[in-house]
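Chain and residue survey
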Amino acid sequence: MEKPSEVVLFGTWSGSYCTRIKLALKLKGIPYEYVEEDLSNKSHLVIHYNPVHKKVPVLLYNGKAIAESLVILEYTDEQWNHAPKLLPEDPYERAKVRFWANFYDQKYKPSTYRVMTSKGKEQEIAIEDSYEVLKVFKEGIEKDFPRKSPLILNGDMFTLGFLDIVVGSSACNYKAVNEAVGVAQDPKKNTAFWSWVIAMKDCPLMKETLPPHDRLVAKIRSIFSHPPA
Amino acid sequence: MGEEVKLFRSWSSPFALRIVWALEIKGIEYEAVFEDLSNKSPLLLQYNPVHKKVPILVHNGRPIAESFVILEYIDETWKQVPLLPEDPYERAMARFWAKFCDDKVLTSIWSAFIKQGKEQEEALVAAAENLKFLEKEMKGKKFFGGERIGYVDIVLGWLANLVSIFEEIVGLKIVDEGKFPLLYSWMQDFAEAPIIRDNCPPRDKMIVKFQALLDAAIASSSSSSK
């Protein structure tokens, strides 16, 4: 078993990419030292260990640093390849998980970002676009992972898999996002996706790892300059 | 066991070329299906409804899209001549650099080619900064994969044939041999590797294609500034 100081995670309390790594390490039962980074005043360590991007999360193991959340997740599954496995065993199933994780990060997340950073008419359009992207994601997941219900993927009610981590780490913050930005998710749209997100939010590991609601609301407001209503 | 491997590609897509190289390096028999991307076939749209792009690998009727996803699938399904290293940390590094190559190197070099004026200058500066990281990564190695071509080499392979085409068309140096000696010699070694050399689109056709793309970009940017 690793001594805590052998595994170090540089992150922020609110960053969803960082939440991903915390979830993965906890699922695998890997003790780690957590270092909170102030992104307005980055430590020399983050710059040293991630000179290319100078971002968090960065995982350090035995002095070797890995950056980029999806890369770190795959590394975690391979370095500590005991159960629970984050990715499925079958190469075709793994391909489907990777495809949708990339879609979520490259298409859906940016669409939600545009919702958070726009106002008025522009925001209305951004919300519509985001629903459409989410629809593609939701329908794709249902087609590619037909046996899972309520879409807890590569896991059951007691564990989370790769895609649960990728999606849940940000989507489970929906209440805080909605409150901060003043936009509510339409419960009639993409209901299967939101059932999945709510089920994940209720999972004890997710509850203890997600950033606290009120702090997150204040943080999102300050980043996106949305004053309280 | 009957194994059916099809690759949907176009004659020039650098992303599809990655899959050609991977299949050839591993000695996997496959059928290439050439798509006219201005007139996509119903099969392409059926196999990749989300992105409607090439490459698509279809293995025994099951489609996989997105070149990084396909490369990992190929490496996991056909274990000969591994593309990714065995060690988890080295694998993570390969994935990290592959992502960097697409997110940063490709986008900055493409901008340096397709943009004009100030935007082009800024893109050239960004490209040089990104290339510096790759140059550093190449120290002591013939290929990114070590002694032989691996995952990162395949992902970055477009640099070896496309950059000189870009440089010829716009009359600018993007990968200067003096500034990036290791990268420059990697480009020669990669392009000259038999499998790569035998699986590259014809240079004259590429020049025509990219000149046309540049002409269209210039035309649309000058009309929008009126």
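Quick summary incoming for the structure in this document. Each residue is numbered by its place in its chain's sequence as written, counting from 1. Labels follow written order: the first chain is A, the first ligand is 1, and so on. For this predicted model, a pLDDT threshold of at least 70 governs which residues receive local features, and a threshold of 80 or more governs which side-chain atom pairs are given and counted, while totals over whole chains, interfaces and linings are taken from all residues. Excluded from the side-chain calculation are hydrogens and water; included are all heavy atoms of the structure.

Regarding the overall build of chain B
Put simply, the test is: Runs of H or I in DSSP of at least four residues are treated as helices and runs of E of at least two as strands, each being numbered from the N terminus. Values of the radius of gyration come from C-alpha atoms, whereas the globule rule sets the reference at 2.2 Å times the count of residues to the power 0.38. With a 1.4 Å probe rolled over the protein chains alone, any residue whose accessible area is under 20% of its type maximum counts as buried; one over 50% counts as exposed, and the rest are partly exposed. The contact definition used throughout considers only heavy atoms, calling two residues in contact when any of these lie within 4.5 Å. To measure how exposed things are, a 1.4 Å probe is used in the Shrake-Rupley method; for residues, cover is taken only from the protein chains shown. Counted as positive: Lys and Arg. Counted as negative: Asp and Glu. His and the chain ends are not counted at all. Where a charge sits is defined by one atom per residue type, namely NZ (Lys), CZ (Arg), CG (Asp) or CD (Glu).
Check the secondary structure of chain B and you find 10 helices and 4 strands. Shown N-terminal to C-terminal, the secondary structure of chain B runs as helices and strands in the order β-α-β-α-β-β-α-α-α-α-α-α-α-α. For 226 residues, the compact-globule formula gives about 17 Å, and the C-alpha radius of gyration of chain B, at 18 Å, lands near that figure. Based on the C-alpha atoms only, the size of chain B along its principal axes is roughly 60 × 45 × 30 Å. Going through the 226 residues of chain B one by one, you find that 48% of them count as buried. Pairs at least 24 apart in sequence give 70% of the contacts found in chain B among residues at least 6 apart. Summed over its atoms, the accessible surface of chain B is roughly 10800 Å², and 54% of this surface lies on carbon and sulfur atoms. Each charge class in chain B was averaged separately, 28 positive and 33 negative side chains, and the resulting centres sit 4 Å apart.

Regarding the nonpolar core
Our working rule: The definition of a nonpolar core used throughout is a set of buried Ala, Val, Leu, Ile, Met, Phe, Trp, Tyr and Cys residues joined through side-chain atoms within 4.5 Å.
Within the largest apolar cluster, 130 residues are counted, with the highest numbers of intra-cluster contacts made by Phe137 and Phe193 of chain A together with Ile109, Leu134 and Trp186 of chain B. Counting residues per element, this core draws most heavily on helix α4 (residues 88-114) of chain B, at 14 residues. Leaving out residues up to four positions away in the same chain, Phe193 of chain A has contacts with Tyr104, Leu134, Phe137, Lys138, Val167 and Ala171 of chain A. In terms of nonpolar packing, the next biggest core, distinct from the first, is built from 14 residues, Trp13, Tyr131, Ala180 and Ile220 of chain A among them.

Some words on the layout of surface pockets
Rules: Buriedness for pockets is judged along seven lines, at least five of which must meet protein on both sides within 12 Å for an open set on the 1 Å grid over protein atoms alone, while cavities are sets there where a 1.4 Å probe fits but cannot get out, and lining residues have an atom within 4 Å of a point. Grid points are joined across faces, edges and corners, and a volume is the space filled by probe spheres set on the points. Each residue gets one of three labels, nonpolar for Ala, Val, Leu, Ile, Met, Phe, Trp, Tyr, Cys and Pro, charged for Asp, Glu, Lys and Arg, and polar for the others, Gly among them.
Looking at the second largest pocket, its volume works out to about 1400 Å³. Forming the walls of the second largest pocket are 46 residues, and the residues nearest its centre are Phe15, Arg18, Glu66, Ser67 and Asp102 of chain B. Listed by contribution, the elements that provide at least two residues to the lining of the second largest pocket are α3 (69-79) and α4 (91-117) of chain A together with α1 (14-26), α3 (67-77), α4, α7 (158-170) and α10 (203-224) of chain B. Looking at which element gives the most residues to the lining of the second largest pocket, the answer is α4 of chain B, with 7 residues. Tallied by class, residues from the lining of the second largest pocket come to 20 nonpolar, 10 polar and 16 charged.

Here we look at the pairing of strand β3 (residues 56-59) of chain B
Residue and element names in this part refer to chain B. We count it as follows: Strands were regarded as paired on the criterion that DSSP finds at least two bridges between them.
Residue alternation in β3 divides its side chains into two sets, Ile56 and Val58 and Leu57 and His59, and both sets are buried. Where strand β1 (residues 5-9) lies against β3, 4 bridges are found, and the strand directions are antiparallel. Considered in β3, the bridge of Phe8 is made with Ile56. Sheet topology note: the β3/strand β4 (residues 62-65) ladder contains 4 bridges and is antiparallel. In the strand pairing of β4, Ile56 is matched with Ala65. Counting the residues that bridge the hairpin from β3 to β4 gives 2 residues, and of these Asn60 lies at a positive phi of roughly 50°.

Let's talk about the environment of Thr117 of chain A
Residues and elements named next belong to chain A. Note on placement: Thr117 falls in helix α4. For Thr117, a relative accessible area of 43% puts it in the partly exposed group. Put simply, Thr117 and Val181 are 64 residues apart on the chain and 8.7 Å apart in space, counted from C-alpha to C-alpha.

Some details on the packing of helix α5 (residues 117-137) of chain B against helix α8 (residues 181-192) of chain B
Two quantities define a packed helix pair, namely the angle between the axes and the distance from one axis to the other. Residue and element names in this part refer to chain B. Our working definition: In this analysis an axis means a line fitted to C-alpha atoms, helices contributing only their contacting stretch, and an angle means the value between N-to-C directions, from 0 to 180 degrees. An angle below 35 degrees is read as roughly parallel, one above 145 as roughly antiparallel, one from 65 to 115 as roughly perpendicular, and any other as oblique.
Taken N-terminus to C-terminus, the directions of α5 and α8 make an angle of 75°; their axes are 8 Å apart at the nearest point. Considered as vectors, α5 and α8 are oriented roughly perpendicular to each other. Side by side, α5 and α8 meet where Leu131, Leu134 and Glu135 of the first sit next to Pro181, Leu182 and Leu183 of the second. Its residues placed into classes, the contact of α5 with α8 shows 5 nonpolar, no polar and 1 charged.

Topic: the environment of Pro201 of chain B
Residue and element names in this part refer to chain B. The topology assignment puts Pro201 in the loop between α9 (194-197) and α10. A relative accessible area of 11% means that Pro201 is categorised as buried. Each C-alpha atom, one on Pro201 and one on Asn161, is 9.1 Å from the other, the two residues being 40 residues apart in sequence. Look past the residues within four positions of Pro201 in its chain and what remains in contact with it is Trp11, Ser12, Leu17 and Met206.

Some thoughts on the interface of chain A and chain B
In plain terms, the rule: Note on terms: buried area is the combined drop in 1.4 Å-probe accessible area of two parts once they are placed together, counting the loss on both. Salt bridge, as used here: a side-chain nitrogen of Lys or Arg that lies within 4 Å of a carboxyl oxygen of Asp or Glu. Think of a polar contact as two N or O atoms within 3.5 Å of one another; within protein, one of them needs to be a possible hydrogen donor and the other a possible acceptor, and neighboring residues in sequence only count if both atoms come from side chains.
Facing the 27 residues of chain A at the interface are 24 residues of chain B. For the pair chain A and chain B, the summed buried area comes to about 2300 Å², and 68% of that belongs to carbon and sulfur atoms. It is Val52, Tyr92 and Phe99 of chain A in chain A that bury the most area against chain B; as a group they hold 27% of the surface buried on that side. Linking chain A with chain B are 7 salt bridges, by the criterion used here. Ionic pairing is found between Glu72 of chain B and Arg98 of chain A, a salt bridge with its closest N-O pair at 3.4 Å. The interface formed by chain A and chain B includes 8 residue pairs in polar contact (both at pLDDT 80 or more). Mapped onto the side of chain A that touches chain B, the elements with two or more residues apiece are β4 (64-67), α3 and α4 of chain A.

Focus: α4 of chain B
All names here are of chain B. Here is the rule we go by: Multiplying one less than the number of residues by 1.5 Å gives the expected span of a helix. For a residue, the bend is simply the angle between two axes, fitted respectively to the seven-residue segment ending there and the seven-residue segment starting there.
With 27 residues, α4 should cover 39 Å at 1.5 Å per step; its first-to-last C-alpha distance of 38 Å lies within 8% of that length. If you look at α4, its biggest bend is around 35°, right at Cys101. Within α4, 20 of the 27 residues are buried, which leaves it mostly tucked inside the rest of the structure.

A word on the sheet that holds β4 of chain B
Residue and element names in this part refer to chain B. In space, the 4 strands of this open sheet follow the order β2-β1-β3-β4, with mixed pairing throughout. The sheet is open, and its two borders are formed by β2 (31-34) and β4, each paired with just one other strand. Adjacent strand axes in the sheet meet at a mean angle of 20°, parallel and antiparallel pairs treated alike.

Side note on the pattern of salt bridges
The tally for this structure, following the rule as stated, stands at 25 salt bridges over all chains. Asp103 of chain B is the salt-bridge partner of Lys99 of chain B, the closest N and O atoms lying 2.9 Å from each other. With a gap of 4 residues between them, Lys99 of chain B and Asp103 of chain B both fall in helix α4, about one helical turn apart. The partly exposed category is assigned to Lys99 of chain B, whose relative accessible area is 27%. Between Glu122 of chain B and Lys118 of chain B there is a salt bridge, with the nearest N and O atoms lying 3.0 Å from each other. With a gap of 4 residues between them, Glu122 of chain B and Lys118 of chain B both fall in helix α5, about one helical turn apart. A relative accessible area of 59% places Lys118 of chain B in the exposed class. Overlapping salt bridges, with partners in common, bring together Glu74, Glu78, Arg94 and Arg98 of chain A together with Glu72, Glu76, Arg91 and Arg95 of chain B in one network.

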